Amino acid sequence: KRYSEEEIAALKESLGLKDEFVILSVGRVAFEKSIDVMIKEYDKIARNVNAKFVIVGDGPAKEPLVKLVDELKLNDYVIFTGMVPYANIGLYYMIGDCFVNASITETQGLTYIEALSSNLPIVVRYDKNLDGLINDRENGLFYNSPEEFSDKLMELINEKELLAHLKENAYKSAKVYSKQNYAEQINNLYKSILENKQK
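The structure displayed is predicted, hence computed values, not measured ones.

Novice: Is there a simple way to explain the sheet that holds strand S3 (residues 78-82) in this structure?
Specialist: Adjacent strands of a sheet pair through backbone hydrogen bonds, lying either parallel or antiparallel. Overall, parallel pairing links the 6 strands, which are arranged S3-S2-S1-S4-S5-S6 in an open sheet. Strands with a single pairing partner mark the edges of an open sheet, and in this sheet they are S3 and strand S6 (140-143). Across the sheet, the mean angle from the axis of one strand to that of its neighbour is 25°, orientation sign disregarded. Examined bridge by bridge, strand S1 (residues 21-26) and strand S2 (residues 51-56) share 6 bridges and lie parallel to one another. The partner of Ile23 across the bridge, within S2, is Phe53.

In structure tokens, the structure reads:
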């Protein structure tokens, strides 16, 4: 679905966003997602950049994370949206500048594909399951340790050409997962099976 500039602006206003670089996390707010690790790393740079960390979703880790943000005095830099109906999730991707994830228990999660389809480069902890989906410095940035997370964010925030390059390739790389491409692959598979049967 395409969203109007007015819809995007209205959502930003409702969240208190202006012209900040928006670091976006979308999904179940669970302990295994390691959102706490990203918050602690973000704390290193939050006061030095014009950025906000927006966490979309709800789950068992939300209360401890809210408490952590309070302890770190990051209330002005981190926004928790709470649960958002799935029908509205697409609009939330539109306010982001990059999508982040620290989990190493993910397979090829739907949120990665949704983010790429929304022109969002992905900053994610390296996991071999992501090879082929995320290509480092093409549609996202890999980091190998929690300490590297803030460095990668700073790189994206400061290097406009890199950000533009990753955004352009994010959308292109997501086309592989489109309904049309899936249907074409299935069609080609059936054709191949029928041709082999006839032989």
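Novice: Any chance you could explain the pairing of S2 here in plain terms?
Specialist: For a regular strand, the rule is simple: side chains alternate between the two faces of the sheet. Among the 6 residues that make up S2, 6 are buried, leaving the element largely enclosed by the rest of the structure. Covered by surrounding structure in S2 are Ala51, Phe53 and Ile55 together with Lys52, Val54 and Val56, the residues of both alternating faces. Note that the unit made of S1, helix H2 (residues 35-42) and S2 has a crossover that is right-handed. Across 4 bridges, the pairing between S2 and S3 is parallel. Across the sheet, residue Ile55 finds its bridge partner in S3, namely Phe80. In this view, the connection linking S2 to its parallel neighbour S3 by way of helix H3 (residues 62-71) has right-handed handedness.

Novice: Where do I start with the environment of Glu114 in this structure?
Specialist: Residue position: Glu114 is located in helix H5 (residues 110-117). What makes Glu114 buried here is its relative accessible area of 14%. In this structure the C-alpha to C-alpha distance between Glu114 and Phe99, which are 15 residues apart in sequence, comes to 9.9 Å. Beyond its immediate chain neighbours, meaning those up to four positions away, Glu114 contacts Tyr86, Ile89 and Tyr93.

Novice: Sorry, what's going on with the environment of Tyr126 here?
Specialist: Position of Tyr126 among the secondary structure elements: in the loop between strand S5 (122-125) and S6. Tyr126 gets classed as partly exposed once you look at its relative accessible area, which sits at 35%. The sequence separation of Tyr126 and Ile104 amounts to 22 residues, and the corresponding C-alpha distance is 7.6 Å. Polar side-chain contacts of Tyr126 include one of 2.8 Å to the side chain of Asp131.

Novice: Could you clarify how one ought to interpret the packing of aromatic side chains in this entry?
Specialist: In this description, a pair of aromatic rings is defined by centroid distance and the angle of the planes. Tallied over the entire structure, the rule returns 5 aromatic pairs. Consider the rings of Phe99 and Tyr112, whose centres lie 6.1 Å apart with planes at 80°: the pair is edge-to-face. With Phe99 in strand S4 (residues 98-101) and Tyr112 in helix H5, the pair connects residues that are 13 residues apart, well separated along the chain. Like Tyr112, Phe99 is buried. Ring centres of Tyr126 and Phe142 lie 4.9 Å apart, and the angle between their planes is 85°; this geometry places the pair in the edge-to-face category. In this pair, Tyr126 is assigned in the loop between S5 and S6 and Phe142 in strand S6, connecting sequence segments 16 residues apart.

Novice: So what exactly am I meant to see when it comes to the nonpolar core here?
Specialist: Across soluble globular proteins, nonpolar side chains have a tendency to be buried as a group. By size, the foremost hydrophobic cluster in this structure holds 32 residues, and its most contacted members are Ile23, Ile39, Tyr42, Phe53, Val100 and Leu156. Of all elements in the fold, only S1, H2, S2, H3, S4, S6, helix H6 (146-158) and helix H7 (160-174) reach the threshold of two or more residues within this core. Those residues within four positions of Ile39 in sequence are excluded, and the remaining contacts are Phe53, Ile55, Leu65, Leu68, Val69, Leu72, Leu74 and Phe80. Residues Ile8, Phe99, Leu133 and Ile134 belong to the second largest nonpolar core, which totals 31 residues.

Novice: Got a minute to help me understand the pattern of salt bridges in this structure?
Specialist: Oppositely charged side chains are able to pair whenever their charged atoms sit close together. Taken as a whole, this structure holds 7 salt bridges when the rule is applied. In this structure, the salt-bridge partner of Lys52 is Glu20, at a minimum N-O distance of 3.5 Å. You can see Lys52 sitting in strand S2 and its partner Glu20 sitting in the loop between helix H1 (5-14) and S1, a full 32 residues away along the chain. Like Lys52, the residue Glu20 is buried in the burial classification.

Rules used throughout
- Residues numbered from 1 in each chain as written.
- Predicted model: local features only at pLDDT ≥ 70, side-chain atom pairs only at ≥ 80, totals over all residues.
- Heavy atoms only, no water.
- Pairing = 2+ DSSP bridges.
- Helix = DSSP H or I, 4+ residues; strand = E, 2+ residues; numbered from the N terminus.
- Axes fitted to C-alpha atoms, helices over the stretch in contact; angles between N-to-C directions.
- Buried < 20%, exposed > 50% of the residue type's maximum accessible area, 1.4 Å probe, protein only.
- Right-handed = clockwise from strand over helix to strand, strands pointing away.
- Contact = heavy atoms within 4.5 Å.
- Polar contact = N/O pair within 3.5 Å; in protein donor to acceptor, adjacent residues only side chain to side chain.
- Phe/Tyr/Trp six-rings, centres within 6.5 Å; stacked < 30°, edge-to-face > 60°.
- Core = buried A, V, L, I, M, F, W, Y, C linked by side-chain atoms within 4.5 Å.
- Salt bridge = Lys/Arg side-chain N within 4 Å of Asp/Glu carboxyl O.

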